[in-house]
Amino acid sequence: MLSGRRLDLLDPSPLDVELEDIAHGLARVARWNGQTKGAHIFSVAQHALLVEALARAKTPRLDTKARLAVLLHDAPEYVIGDMISPFKTVIGDNYKAVEHRLLAAIHLRFGLPPTLPDTLKTLIKTADRAAAFLEATRLAGFETAEARKFFGPPPKFSAAIERDYLTLWPAGTAEAKFRERFKKLLRG
């Protein structure tokens, strides 16, 4: 990692996880395999911020630790990259095992439980699917009917969420905004 840490993918240690590496990596990993409109990629960092905003809008009283867990839901991708869901399914359990070990190490590093409660996992999944619907229809060229097939009904969201999270940012902006939001949540 740029921080100088060496992270063992098969046995990741929370001691080798650094926010700077996560923010830097996620800001440079493209969602939708880079197949989005605009001058910049839609990064996993920006996606994570969108998912956290959608979860916060859906559950306004969500505590800061839970919000931090939502923000970090795709954090392993700073090391292993983003892979489209159908391909993850093809690869199977080995990929999921690596991803789960990384996420557990990340959670432990930042004071979260290695495994989240089912209610929080459900909220993350719901907000993630809502974000995917918005990204698909606003950035990746999907028609609404096609997006419904893959991601369910269109989510309810405010104009502020679209304005604040669905314009493409340069990698440096995505990294800075992710790091800023993370630090705010960590402070509580």
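Keep in mind it's a predicted model, so treat the numbers as computed, not measured. (Residues numbered from 1 in each chain as written. Predicted model: local features only at pLDDT ≥ 70, side-chain atom pairs only at ≥ 80, totals over all residues. Heavy atoms only, no water.)

Sorry if this is basic, but what is going on with the overall build of the protein here?
Looking only at helices and strands, the protein features 10 helices and 0 strands. Shown N-terminal to C-terminal, the secondary structure of the protein runs as helices and strands in the order α-α-α-α-α-α-α-α-α-α. Computed over the C-alpha atoms, the radius of gyration of the protein is 16 Å, within 12% of the 16 Å expected from 2.2 N^0.38 for a compact globule of 188 residues. For the protein, the C-alpha atoms occupy an extent of roughly 45 × 35 × 35 Å along the three principal directions. (Helix = DSSP H or I, 4+ residues; strand = E, 2+ residues; numbered from the N terminus. Rg over C-alpha atoms; globule rule 2.2 N^0.38 Å.)

For this particular structure, what's the right way to read the layout of surface pockets?
Any empty space left between the atoms is revealed when a probe the size of a water molecule rolls over them. Its boundaries defined by the atoms lining it, the largest pocket holds a volume of some 1,300 Å³. In terms of lining, the largest pocket is formed by 33 residues, of which the most central are Asp74, Ser85, Lys88, Lys125 and Asp128. Of all the secondary-structure elements, those providing two or more residues to the lining of the largest pocket are helix H5 (85-91), helix H6 (93-109), helix H7 (118-138) and helix H8 (144-151). For the lining of the largest pocket, a count of residues per class yields 15 nonpolar, 7 polar and 11 charged. Quantified by volume, the second largest pocket comes out at close to 290 Å³. Around the second largest pocket, the lining is made up of 15 residues, and of these Lys58, Thr126, Ala130, Pro155 and Lys156 lie nearest the centre. Looking at the lining of the second largest pocket, the elements that each hand over two or more residues are helix H2 (44-58) and H7. With 4 residues, the single largest contributor to the lining of the second largest pocket is H7. Among the residues forming the lining of the second largest pocket, the class breakdown is 10 nonpolar, 2 polar and 3 charged. (1 Å grid on protein atoms, 1.4 Å probe; cavity = no way out; pocket = protein on both sides within 12 Å on 5 of 7 lines; lining within 4 Å. Points joined across faces, edges and corners; volume = space filled by probe spheres on them. Nonpolar A, V, L, I, M, F, W, Y, C, P; charged D, E, K, R; others polar.)

Looking at this structure, how should I read the nonpolar core?
Ile22, Leu72, Phe110 and Phe178 are the most contacted members of the largest nonpolar core, which totals 50 residues. A per-element tally of this core places H2 first, with 9 residues. Core analysis: the next-biggest nonpolar cluster, separate from the first, contains 8 residues, Phe133, Ala136, Ala140 and Phe142 among them. (Core = buried A, V, L, I, M, F, W, Y, C linked by side-chain atoms within 4.5 Å. Buried < 20%, exposed > 50% of the residue type's maximum accessible area, 1.4 Å probe, protein only.)

Explain the packing of H2 against helix H10 (residues 171-187) to me, please; I cannot follow it from the model alone.
Close contact between H2 and H10 brings their axes to 8 Å; oriented N to C, the two are set at 40°. Compared by their axis directions, H2 and H10 come out oblique. Where H2 crosses over H10, the two elements pack in a sense that is left-handed. Listed contacts from H10 to Ala45, Ala48, Leu49, Glu52 and Arg56 of H2 are Ala174, Lys177, Phe178, Arg181 and Leu185. Within the contact of H2 with H10, the residues separate by chemical class into 6 nonpolar, no polar and 4 charged. (Axes fitted to C-alpha atoms, helices over the stretch in contact; angles between N-to-C directions. Parallel < 35°, antiparallel > 145°, perpendicular 65-115°, else oblique. Left-handed = near helix turned anticlockwise from the far one by under 90°. Contact = heavy atoms within 4.5 Å.)

Can you walk me through the packing of aromatic side chains in this structure?
Applying the stated rule across the entire model yields 7 aromatic pairs. Taken together, a centroid distance of 4.7 Å and an interplanar angle of 75° make the contact between Phe110 and Phe182 edge-to-face. Of this pair, Phe110 sits in the loop between H6 and H7 while Phe182 sits in helix H10, placing them 72 residues apart in sequence. We classify Phe110 as buried; its relative accessible area is 7%. Residue Phe182 is classed as buried on the basis of its relative accessible area, which comes to 1%. (Phe/Tyr/Trp six-rings, centres within 6.5 Å; stacked < 30°, edge-to-face > 60°.)

How do you make sense of the side chain of Glu99 when you look at a structure like this?
Considering the arrangement of structural elements, one finds Glu99 in helix H6. Among all residues touching Glu99, those that are not within four sequence positions of it are Pro76, Glu77, Ile80 and Lys88.

Please clarify how unusual backbone geometry should be interpreted in this entry.
Glycine aside, the phi torsion of most residues is negative, and most peptide linkages are trans. Positive phi outside glycine occurs at Trp32, with the angle close to 60°. Among the structural elements, Trp32 can be located in the loop between helix H1 (19-27) and H2. Of note in this structure, Asn33 is not a glycine but carries a positive phi near 50°. Note on placement: Asn33 falls in the loop between H1 and H2.

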